[in-house]
Amino acid sequence: MTTRPFAQIDAFTDTPFRGNPAAVLVLDGPADASWMQRVALEMHLSETAFVVPKADGSFDLRWFTPTVEVDLCGHATLAAAHLLHTEHQAPTPYHFDTRSGRLTATVANDGAITLDFPADPPTIVDQPAGLADALGAAPVTVARAVSDYLVELATADEVRALTLDQRLLATVEVPRGFVVTARSDRPGVDIMSRWFGPRAGVAEDPVTGSAHATLGPWWAPRIGSNRLVADQESARGGRIVIDVDGDRVRLTGRAVTVARGELLF
């Protein structure tokens, strides 16, 4: 029997059982994609991250939902950096080679983790057929990024009150999912959002770090600041500080380990 240690980490929060949970496995070497997919299905979290140390001190990093491998994932990258820092004592910054290129994570003295990601700015497009019916709300604007549709609603309350038709939303063609957003109505918070990805096997993601690579470029000129405080108002909730810098975004948040175990196979 083979064993592999894993940790479950709540990302974009410093409070257990909030933020977005991810499983993280640090492997000795490359693994078969079908095996990683089966592990992600077993973990049954929105993403499971697989980290492989490389001879030059960097890491290969891959992410899987319960049903598919994804090109980019923010919260599981943050979780991987947290695990490397707290339990593997690897020196920061961490350089991750991924399907979206090289990503960097830096851990501050106070434990805050900053991810350096490629920006994914959206372009305004016509509203896809069936989207408004699936959302049960009338979009102000719809825009398309590489990964997601961005759907802006008029108020934060409309975003909070969404009750989606997941079956209908799954029929709308999209590379990954839908980030629904509005200006925040909470003091000290600039923007808020929720994220839905039924075609990726995730009905609603608690906190979607990579979607903020789209939210940042969208909102920065509208808010009038390249630094934004963003809340994702899922049932668990989480917070991300976004810094927009040209074709890059820096996403800062915290993480907490909530479980450790061994995978037996």
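This is a predicted model, so every value here is computed, not measured. (Residues numbered from 1 in each chain as written. Predicted model: local features only at pLDDT ≥ 70, side-chain atom pairs only at ≥ 80, totals over all residues. Heavy atoms only, no water.)

**Student:** Hey, could you go over the overall build of the chain for me, with residue numbers and the actual values?
**Tutor:** Counting secondary structure elements, the chain contains 6 helices and 18 strands. Here the chain has a C-alpha radius of gyration of 18 Å; the compact-globule value for 265 residues is 18 Å, and the two agree. Counting only C-alpha atoms and orienting by the principal axes, one finds that the chain spans roughly 55 × 40 × 30 Å. Within the chain, contacts between residues separated by at least 24 positions form 62% of all contacts whose residues are at least 6 apart in sequence. Looking at the chain as shown, the accessible area adds up to about 11,400 Å², and 50% of this sits on carbon and sulfur atoms. Charge separation in the chain, taken as the distance between the mean sites of 23 positive and 33 negative side-chain charges, equals 1 Å. (Helix = DSSP H or I, 4+ residues; strand = E, 2+ residues; numbered from the N terminus. Rg over C-alpha atoms; globule rule 2.2 N^0.38 Å. Contact = heavy atoms within 4.5 Å. Areas by Shrake-Rupley, 256 points an atom, 1.4 Å probe, with all protein chains shown as cover. Lys, Arg positive; Asp, Glu negative; His and termini not counted. Charge placed at Lys NZ, Arg CZ, Asp CG, Glu CD.)

**Student:** So what's going on with the nonpolar core? Residues and values would help.
**Tutor:** In terms of nonpolar packing, the biggest core is built from 53 residues, with Val24, Trp63, Tyr94, Phe96, Leu115 and Ile242 touching the most fellow members. The element contributing the most residues to this core is helix H2 (residues 74-86), with 7 residues. Formed by 20 residues, the second largest nonpolar core is a distinct cluster that contains Val142, Leu169, Val174 and Phe178. (Core = buried A, V, L, I, M, F, W, Y, C linked by side-chain atoms within 4.5 Å. Buried < 20%, exposed > 50% of the residue type's maximum accessible area, 1.4 Å probe, protein only.)

**Student:** If you had to explain H2 to someone new, which residues and values would you point to?
**Tutor:** The first and last C-alpha atoms of H2 sit 18 Å apart over 13 residues, in line with the 18 Å expected at 1.5 Å per residue. Of the residues making up H2, those classed as buried are Gly74, His75, Ala76, Thr77, Leu78, Ala79, Ala80, Ala81, His82, Leu83 and Leu84. (Expected span 1.5 Å × (residues − 1).)

**Student:** So what's going on with the environment of Val146? Residues and values would help.
**Tutor:** Within the fold, Val146 resides in the loop between strand S10 (141-144) and strand S11 (148-152). Spatially, the C-alpha atom of Val146 lies 21 Å from that of Ile191, the residues being 45 residues apart in sequence. Not counting residues within four places of it along the chain, the set of residues in contact with Val146 comprises Asp120 and Pro175.

**Student:** Before we move on, could you go through the pairing of strand S14 (residues 202-205) and cite the residues and values that matter?
**Tutor:** The pairing of strand S13 (residues 191-197) with S14 spans 2 bridges and is classified as antiparallel. Bridging across to S14, Trp195 finds its partner in Asp205. What sits between the antiparallel neighbours S13 and S14 is a turn of 4 residues, in which Gly201 has the positive phi angle 85 degrees. (Pairing = 2+ DSSP bridges.)

**Student:** Tell me about the pattern of salt bridges, and name the residues and values.
**Tutor:** Scanning the entire structure with this criterion turns up 20 salt bridges. Close ionic contact of Arg248 with Asp116 constitutes a salt bridge, the shortest N to O distance being 2.8 Å. In this pair, Arg248 is assigned in strand S17 (residues 248-253) and Asp116 in strand S8 (residues 113-118), connecting sequence segments 132 residues apart. The partly exposed category is assigned to Arg248, whose relative accessible area is 26%. (Salt bridge = Lys/Arg side-chain N within 4 Å of Asp/Glu carboxyl O.)

**Student:** Talk me through the environment of Thr208; I want residue IDs and the actual numbers.
**Tutor:** Tracing the backbone shows Thr208 in the loop between S14 and helix H6 (212-223). Along the primary structure Thr208 and His75 are separated by 133 residues, whereas in three dimensions their C-alpha atoms are 6.4 Å apart. Apart from residues no more than four positions distant in its own chain, Thr208 is found in contact with Arg176, Trp195 and Gln232.

None of this, on its own, says anything about what the molecule does.
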